[in-house]
There are 6 protein chains.
Amino acid sequence: MLQQMVRPSPISATVDFDAEGVSHGFLRLPYSRDDAAWGSVMIPVTVVRNGIGPTALLTGGNHGDEYEGPIALFDLAHSLRPEEVTGRVIIIPAMNQPAFGAGTRTSPIDRGNLNRSFPGRPDGTVTEKIADYFQRVLLPMADVVLDFHSGGKTLDFLPFCAAHVLADKMQQDRAFDLVRAFGAPYSVKMLEIDAVGMYDTAAEEMGKLFVTTELGGGGTACGRTATIAIRGARNLLIAAGVMQGEVAPQPTQWLDMPDADCFTFAEDAGLIQFLADLGDRVEAGQPIARIWPTGRTGLPPRELCTSRAGLFTARHFPGLVKPGDCVAVVAVEIEGA
Amino acid sequence: MLQQMVRPSPISATVDFDAEGVSHGFLRLPYSRDDAAWGSVMIPVTVVRNGIGPTALLTGGNHGDEYEGPIALFDLAHSLRPEEVTGRVIIIPAMNQPAFGAGTRTSPIDRGNLNRSFPGRPDGTVTEKIADYFQRVLLPMADVVLDFHSGGKTLDFLPFCAAHVLADKMQQDRAFDLVRAFGAPYSVKMLEIDAVGMYDTAAEEMGKLFVTTELGGGGTACGRTATIAIRGARNLLIAAGVMQGEVAPQPTQWLDMPDADCFTFAEDAGLIQFLADLGDRVEAGQPIARIWPTGRTGLPPRELCTSRAGLFTARHFPGLVKPGDCVAVVAVEIEGA
Amino acid sequence: MLQQMVRPSPISATVDFDAEGVSHGFLRLPYSRDDAAWGSVMIPVTVVRNGIGPTALLTGGNHGDEYEGPIALFDLAHSLRPEEVTGRVIIIPAMNQPAFGAGTRTSPIDRGNLNRSFPGRPDGTVTEKIADYFQRVLLPMADVVLDFHSGGKTLDFLPFCAAHVLADKMQQDRAFDLVRAFGAPYSVKMLEIDAVGMYDTAAEEMGKLFVTTELGGGGTACGRTATIAIRGARNLLIAAGVMQGEVAPQPTQWLDMPDADCFTFAEDAGLIQFLADLGDRVEAGQPIARIWPTGRTGLPPRELCTSRAGLFTARHFPGLVKPGDCVAVVAVEIEGA
Amino acid sequence: MLQQMVRPSPISATVDFDAEGVSHGFLRLPYSRDDAAWGSVMIPVTVVRNGIGPTALLTGGNHGDEYEGPIALFDLAHSLRPEEVTGRVIIIPAMNQPAFGAGTRTSPIDRGNLNRSFPGRPDGTVTEKIADYFQRVLLPMADVVLDFHSGGKTLDFLPFCAAHVLADKMQQDRAFDLVRAFGAPYSVKMLEIDAVGMYDTAAEEMGKLFVTTELGGGGTACGRTATIAIRGARNLLIAAGVMQGEVAPQPTQWLDMPDADCFTFAEDAGLIQFLADLGDRVEAGQPIARIWPTGRTGLPPRELCTSRAGLFTARHFPGLVKPGDCVAVVAVEIEGA
Amino acid sequence: MLQQMVRPSPISATVDFDAEGVSHGFLRLPYSRDDAAWGSVMIPVTVVRNGIGPTALLTGGNHGDEYEGPIALFDLAHSLRPEEVTGRVIIIPAMNQPAFGAGTRTSPIDRGNLNRSFPGRPDGTVTEKIADYFQRVLLPMADVVLDFHSGGKTLDFLPFCAAHVLADKMQQDRAFDLVRAFGAPYSVKMLEIDAVGMYDTAAEEMGKLFVTTELGGGGTACGRTATIAIRGARNLLIAAGVMQGEVAPQPTQWLDMPDADCFTFAEDAGLIQFLADLGDRVEAGQPIARIWPTGRTGLPPRELCTSRAGLFTARHFPGLVKPGDCVAVVAVEIEGA
Amino acid sequence: MLQQMVRPSPISATVDFDAEGVSHGFLRLPYSRDDAAWGSVMIPVTVVRNGIGPTALLTGGNHGDEYEGPIALFDLAHSLRPEEVTGRVIIIPAMNQPAFGAGTRTSPIDRGNLNRSFPGRPDGTVTEKIADYFQRVLLPMADVVLDFHSGGKTLDFLPFCAAHVLADKMQQDRAFDLVRAFGAPYSVKMLEIDAVGMYDTAAEEMGKLFVTTELGGGGTACGRTATIAIRGARNLLIAAGVMQGEVAPQPTQWLDMPDADCFTFAEDAGLIQFLADLGDRVEAGQPIARIWPTGRTGLPPRELCTSRAGLFTARHFPGLVKPGDCVAVVAVEIEGA
């Protein structure tokens, strides 16, 4: 066990994280397989460093079908100049590169969900090896972590930035300050019930400031949500003291998802018809969707109702639904958070 | 050749199209395969008949990943009462049932694109057999045809109803009247350059009034677009004299797509960042999207510009783009059409 | 068109069909593909010839998941001695060799159902090329054809031998004589409604005596049904005058399937529970099977009833059923046929 | 390790196991994947409770291609009334629901063989999570467990009910009493050599009475074997004191499979010809099957012989056989067990 | 039929074939599919034009797993300057772009073998549409055609350049002159027995000078064979009068493959052991390879012998062999051709 | 943990390793799966024993797409006579039989790379169970181990035999003596940096003499490299004292791969053009390959240079290259090793 802990990561970086200026390169992870006996997974990385200061680690593609983060980070990696920085910015637009390349939530190599694979293993699956490298090499370098998410191909969200409710209230408050600086239309205080295996948890347990987002979904990004991501990343870097400039304040609505009643699940397969749209206010017990059986015409739909009042915040995206799919999430608006 | 023309369709209906009242049933198409030597494709169908009057044929699922039409038609098949009808309504929510069941544009059986398979063949592929049945059995029964489309998993559209510019101006005008009655937010006069194989063309060549739609996309439907479809179908049935009641007038903006300059194509693979959103007015030569190469960070994006001014009407949906994908469509607004 | 008719088959035989004695070899069909640029499909064939006399063509594996025929024919090819023969026996245990090799009804190469591919094409798919070779090379050599079938992986049959009701009553009667000689437990007079593309039809149109079987199913063969096939082939060869010896008479029950009422189809997916077994006598309107919906417990099953009285002769085999699958076939017993 | 033991199962039940009367619902297991980021596996469950008394846990679909059990249990879940019960009956017709839905022995999600996955893990694969829920939640509730099996798509069995030879002879004798009550045509005393990972073992180690079956096979169920399952379940519930009524006694033949000599394996690929059928008495050294090489005609078959005398009890089902497949099982008849 | 002949190709070029200088662009072929409703196949093309003179059409990737041609043509497209040219050079390194992109002989879209798809169809499969564009648009522009082939993933060849024996001896002689100029280590006079569907035949029937190659194989290219291709293309362009400079003469050995005896086929599956290597002289009847059965150790191999004496010119490449694969080709050396 | 160590292997051998003479049989590994509930993996094995003496364990197919070893070992298993042996030779031509059967580096069952799976687990994946059997049953029997490798489908090597630099210099020197006896054209002293999971390491840690090879690649074997393998195996057996006769001395060039600078990796996808061939001497910084982007013509290639001078010893094989693939290996020549 001890021996395993000290086994080095198989990943090697082609960039020097301590070099001044801009470095573009790769995290290279050897991956022997049928179509490449001596092949590797190559995860692009950019480091922008300028003198002494905090380190921000910016990541996208934790899930491979979420696009606002990668757009903002390929843009930032291309445009950020060292003279704008005080300290260091590490940019990884496609954390789970195999998933990002395939346009899928999980890795096509091992079906690994990177965000449930922490702390990872140096001798595990490809996804676990990536997690291990973040756990033991990248997170320790960072002071602030911004991890971009969106709904992916099967969920759609109101665009929000979020941080977790934490035991360490100072750590929590500083993270919420960054959320406020990010400036998404909605901001969420998340209470993670089952935090096992998450990147978020790994970072927070090391005392890092960790901020995340959900900025849309459906496996696409529109101009509006990409702009939120680009602006939010710069705002956060400024607020964290890593980038010069001034945070452009944006109005935001704070939300809370206090318990399991926020979620409505399908029990039947069929064609889903929503009776409300994201952003609508809904009442408790209000029909929010119907599932039409598709094997015959003439049958009645099964109706799904909300369990609590609030804002319709997230929903199932594909036109067909399967038993067990989460269909709708309702969040509670918080006054003046 | 003559012999082939008279070969009967292998499809048999379990409903009697001439029966009064509501009949729910199937179009059964024998399909022998490895997992069902004596299997069949079953296409649900509802017929609502009440006395003498015109026949409306309403179809969805021509492409299997477009959902506003199926929602409106499963709803209508369930709710339409004979006493509301004068004549006959034939409702087929999932024309290309195998594609609809799989949630894909084309048939998983033969990869057939039903809307390019007309007039079909009784001894062809499964998709061609379906086309043949519509060509030789269903279209001849109809006076008015409403075929629902949306963008599917890979395109997104401003919601519009449309009919074709036709040589027979009387036929054309009556179709545009139905488009106006449908009442989508946008209405389009389509000039089909390559109409070979389309269901539209098959219907129009028989002199039928043919109306179609594009009501969103991305492989989903939201509450708002489903409502447009449900209301539009009832409006159209009323305007066509098949259903009693009054058309609820809706404001609409007429659009035109005059030539190939409306379309912008990608020449590179990558991550797509849109610089405008559907519904935005754009100028000719305006950058409308960027494609980021994803193999490395630090490279510049390739910029795509519009060729003409107009309304941003349709776009590529997935976050990744491939060479040759249509990225953006710009339509011209028509005053007072 | 004329040119196509005279285009030779691409298949070449490594055996000489006119050579005396036993020849084992192949029908070699060039098939260029990704994993063999200059590859071929190899169909094993045995020819046993002894002087002047009629030619019997014995085939199995027309569908690749039916096993009684191949067992009888690999056995016969291995054991038949020239001195037992008067004339010629051509034995092809696996007509659609790619399907037989894969254990599937249709060809894994082109999903071709060989028994619906006649007369075939020399420049068509692999399956069409095989059909063309039988059409233009093998059938013309034959006087008598015995083509073995069973139910395959998705159907199960009472074991029977059959021939078609034909316009040429002399041809028909001689075929029924061979059916009687074959000596299966059941014998069927088949009236083919849609005979297009069948091997049977191709042979009969050339005036050949054509006999077929259904000897069980489920994608297996048991000892009892294999014995029926082995004995039947020898009996038929003797009755046809190609093999010496005496037909061992077997009792048989003659059956008829007069119309579409013999067949019961599923309209729903689910778990199938049969309420009778093959060989049972059933009444018209009797519940013969139930389909349990499997998405929830507590729902009632859908009940399927027979349309006519008779003998339960064939049934759906897999435990799950799909909409459109044929569930049960009831045949009528003919007295003293 | 300790920590892992106390981690709760991710599965939640939508039924209250302690509620009186009939409850239909689901075991919901969250399963995030590419086509459902917030999806779940839904395992239908029915609980019938009436006052104080023992709990019987009835399961089918442990392997997903075995159908007698699911038929009996969907039927029982639909028909069992609380007033027939004394205590509680928990009915789960499709334990490994993903496998059952796919019609495969193992789970299509992780290829897990549920019956080799015990005791399972709350943070393991989907199959391991199901095992863990049975191990830690359901089995502790039960007094008697009846787990239905059949041969599945690749094996066929004489229909039997069975229990294990156990160290605790009282536990063993009570289980054999239940086997006798079940009333299958054959009854087996099983000595499990490698019991690691089995549901059986998990239950027996907790001191539960555990009864299992093999009721046919081939991936189908016939009317006769479904009837055995339905009657057997009721008989067993009555014998266990959970259901009122009287056991209808059935004749049964007791069998034993004492050692490895009962099993005959193929060493070659080919077409299998059985020389005996299930239920036949065979002698030691008797040829029981032949394997025909299929690459060429004219080659001799390889003959497989039994190692011991007895009743031909189980066999390979598909028409083709692979090296290493078990071809035949011979069991020894026990007089007056 | 007439109508079909005049139907225009769906392919549009983004380059102007008549423009002076260097143009890089695409042949864009609309291809609607599940993952791109309005997608296209994009075939890169380069045109280098300088004044009046003949047109050479240079193509690679006719089969997608043959690499010497694409290397030479991507290199030439990048390096060729207009001032080196007299007339026009059209360079298409990846004719069957979908196959080239997938690294497979045939198209992953429709499994089309482009070199057996001529003359193609404007309304056929994607591969047939590409063939049609060459047939009706590109070949008519050309005076000289050089089409690069190699053995691909499943064959290996001695490197040769070749032209066909033709009825028009003047056309033939001029083509052989170009073969000589190309300067491969071997040169072949090919007599095509079945020329139906080939690009070669399409070009030759229009009276074009057509030259082809086989320059190695195995799905790779080495430095030596890439150099032969690069030098050969320039030599041929000079000899054809399209490029300035002087042909560098290379020694070559002329070969002939007169009949079917040149080819040896496998009849068995197994592990192949070659007893000679490409370039070796072999005698008629000499063992050239053994096929080891792999199911068991201890069995003898099957030995394959040549049918004629000559040079071992081509062979099966993969380590495993299937029945029907061509194992070896022996060519006859021609003195002083 | 202790309990796991003593759990027996599920593999049983059908041969008696201690029997005198030649035994051909199988290692049978039960493997229950969807297409064979009671199936097994069958690994052919031959044991040749003659009296007292050392045991040599000869293995091929550790990776399933490497062919020189299997050819040599099927040949040896067929031809080796007991009287040639002193002691025992255990021959396993296809260690990872499922991979060998599929022609892939890793197992198609579990994608296991056998050579990274040691010491294996008796309750792990199929590949881990094979490793465990070698670890606990076969390696302990052996004194000398020869494990054949080649480059497989994606790499190509100069043919060499090799042993590791070890801490135990006596063990190392005796292994190098066997390498010298083997007599490949090249001989390599390997310093394994990451030896975890290798068969080599497992054997060496038990003090066995372990010799390995790389004898070509590309997923094929030519006559020359097969001869090296056949001769080398006999030479090694003689040198190890297990076989009688005399080693035929062969000239060899000793090579060393001292550090990571020997390896050059691709960072881009594209078409690879090698500028040198295996066996060429290269200088440090010399361009050794170019990668052509294939999406467009007219773009420059990316050039890859060596990091050190030496002999071009191994290279990427397929014509297309992916980011992260090892493109070239340069080894240093050792004088008079």
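Each value, and the rule that gives it
Residues numbered from 1 in each chain as written. Chains lettered and ligands numbered in written order. Predicted model: local features only at pLDDT ≥ 70, side-chain atom pairs only at ≥ 80, totals over all residues. Contact = placed C-beta atoms within 7 Å. Helix = DSSP H or I, 4+ residues; strand = E, 2+ residues; numbered from the N terminus. Domains from an automatic or database assignment. Nonpolar A, V, L, I, M, F, W, Y, C, P; charged D, E, K, R; others polar. UniProt positions renumbered as here; feature names shortened; annotations may be inferred. Expected span 1.5 Å × (residues − 1). Bend = angle between axes of the 7 residues up to and from the residue. Buried ≥ 20, exposed ≤ 12 C-beta atoms within 10 Å, placed from the backbone. Least-squares fit on C-alpha atoms with pLDDT ≥ 70 in both. Pairing = 2+ DSSP bridges. pLDDT = per-residue confidence, 0-100. Axes fitted to C-alpha atoms, helices over the stretch in contact; angles between N-to-C directions. Parallel < 35°, antiparallel > 145°, perpendicular 65-115°, else oblique. Left-handed = near helix turned anticlockwise from the far one by under 90°.

1. Quick notes on the interface of chain C and chain E
- Listed by partner, the interface residues are 13 residues for chain C and 14 residues for chain E.
- For the side of chain C that touches chain E, the secondary structure elements donating two or more residues are β2 (21-30) and β3 (40-50) of chain C.

2. Examining the domain arrangement of chain A
All names here are of chain A.
- Annotation of chain A at the domain level lists domain 1 (2-255) and domain 2 (260-331).
- Once you take the C-alpha centre of each, domain 1 and domain 2 turn out to be 31 Å apart.
- Domain 1 puts 10 residues into the contact, and the matching count from domain 2 is 10 residues.
- The element contributing the most residues to the side of domain 1 that touches domain 2 is strand β7 (residues 155-157), with three residues.
- Residues belonging to the side of domain 1 that touches domain 2 are distributed by class as follows: four nonpolar, four polar and two charged.

3. Observations regarding the UniProt feature "domain: Succinylglutamate desuccinylase/Aspartoacylase catalytic" (unreviewed entry) in chain A
- Look at the UniProt record and you will see "domain: Succinylglutamate desuccinylase/Aspartoacylase catalytic" (unreviewed entry) annotated at residues 53-237 of chain A.
- When the span residues 53-237 of chain A is considered, its composition is 38% helix and 18% strand, and the gap between its end C-alpha atoms is 12 Å.

4. Structural notes on helix α4 (residues 126-141) of chain F
Residues and elements named next belong to chain F.
- Over its 16 residues, α4 runs 22 Å from end to end, which matches the ideal 22 Å to within 8%, given 1.5 Å per residue.
- Along α4, the sharpest kink reaches roughly 40°, centred on F134.
- The buried fraction of α4 is high, at 12 of 16 residues.
- Those residues of α4 lying buried are V126, T127, E128, K129, I130, A131, D132, Y133, F134, Q135, L138 and L139.
- Packed against the buried residues of α4 are β2 (21-30), β3 (40-50), β4 (55-59), β5 (87-92), α3 (97-102) and α6 (199-205).

5. Considering the interface of chain B and chain A
- With 40 residues of chain B at the contact, the number on the chain A side is 40 residues.
- Those elements giving two or more residues to the side of chain B that touches chain A turn out to be β3 (40-50), α2 (68-79), α7 (223-239) and β13 (270-274) of chain B.
- With five residues, α2(B) is the single largest residue contributor to the side of chain B that touches chain A.
- Its residues assigned to classes, the side of chain B that touches chain A shows 23 nonpolar, 13 polar and four charged.

6. Considering the relation of the copies chain B and chain A
- Expressed as a screw operation, the relation of chain B to chain A combines 0.0 Å of axial shift with a rotation of 180°, fitting to an RMSD of 0.0 Å. Seen this way, the second copy is the image of the first under a two-fold rotation axis. Considering only C-alpha atoms, the residue of chain B closest to the rotation axis is G218(B), which sits at 3.6 Å.
- Comparing contact sets, 100% of the residues at the interface of chain B also lie at the interface in chain A, consistent with an isologous, same-surface contact.

7. Considerations on the sheet that holds strand β13 (residues 270-274) of chain D
Residues and elements named next belong to chain D.
- Pairing in this open sheet of four strands is antiparallel, and the strands run β16-β15-β13-β18 from one edge to the other. Strands at the two margins of the open sheet, each flanked by one partner only, are β16 (302-305) and β18 (320-321).
- Inspection of the sheet shows β13 paired to strand β15 (residues 287-292) by four bridges, in the antiparallel sense. Bridge pairing in β15 places F274 opposite A289.

8. Observations regarding the arrangement of the chains
- Considering only C-alpha positions, the minimal separation of the non-contacting chain A and chain E is 12 Å.
- One thing to see here is that chain C and chain F don't touch, and their nearest C-alpha atoms sit 11 Å from each other.

9. Some words on the relation of the copies chain C and chain E
- Overlaying chain C with chain E gives an RMSD of 0.0 Å, the required rotation being 120° about an axis along which the chain moves by 0.0 Å. What we have between these two chains is a three-fold relation. Considering only C-alpha atoms, the part of chain C nearest the rotation axis is D110(C), at 6.2 Å.

10. Overview of the sheet that holds β13(B)
- Taken together, the four strands give an open sheet; going across it, the order is β16-β15-β13-β18 (chain B), and neighbouring strands pair in antiparallel fashion. Edge positions in the sheet fall to β16 (302-305) and β18 (320-321) of chain B, since each of these pairs with one other strand and no more.

11. Digging into the confidence of the model for chain A
All names here are of chain A.
- Overall, the predicted model of chain A reaches an average pLDDT of 95, with 98% of residues at or above 70.
- Predicted confidence for residues 1-5 stays below pLDDT 50, and this span has zero contacts to residues more than four positions away or in other chains.
- Scoring of the predicted complex yields 0.96 for pTM and 0.96 for ipTM.

12. Details of the packing of helix α5 (residues 169-182) of chain D against helix α7 (residues 223-239) of chain D
Residue and element names in this part refer to chain D.
- The contact between α5 and α7 brings their axes to 8 Å, and the two run at 135°. In terms of their interaxial angle, α5 and α7 are classed as oblique. Considering the relative orientation of α5 and α7, their crossing is right-handed. Side by side, α5 and α7 meet where D177, L178, A181 and F182 of the first sit next to G232, N235, L236 and A239 of the second.
- Counted by class, the contact of α5 with α7 contains five nonpolar, two polar and one charged residues.

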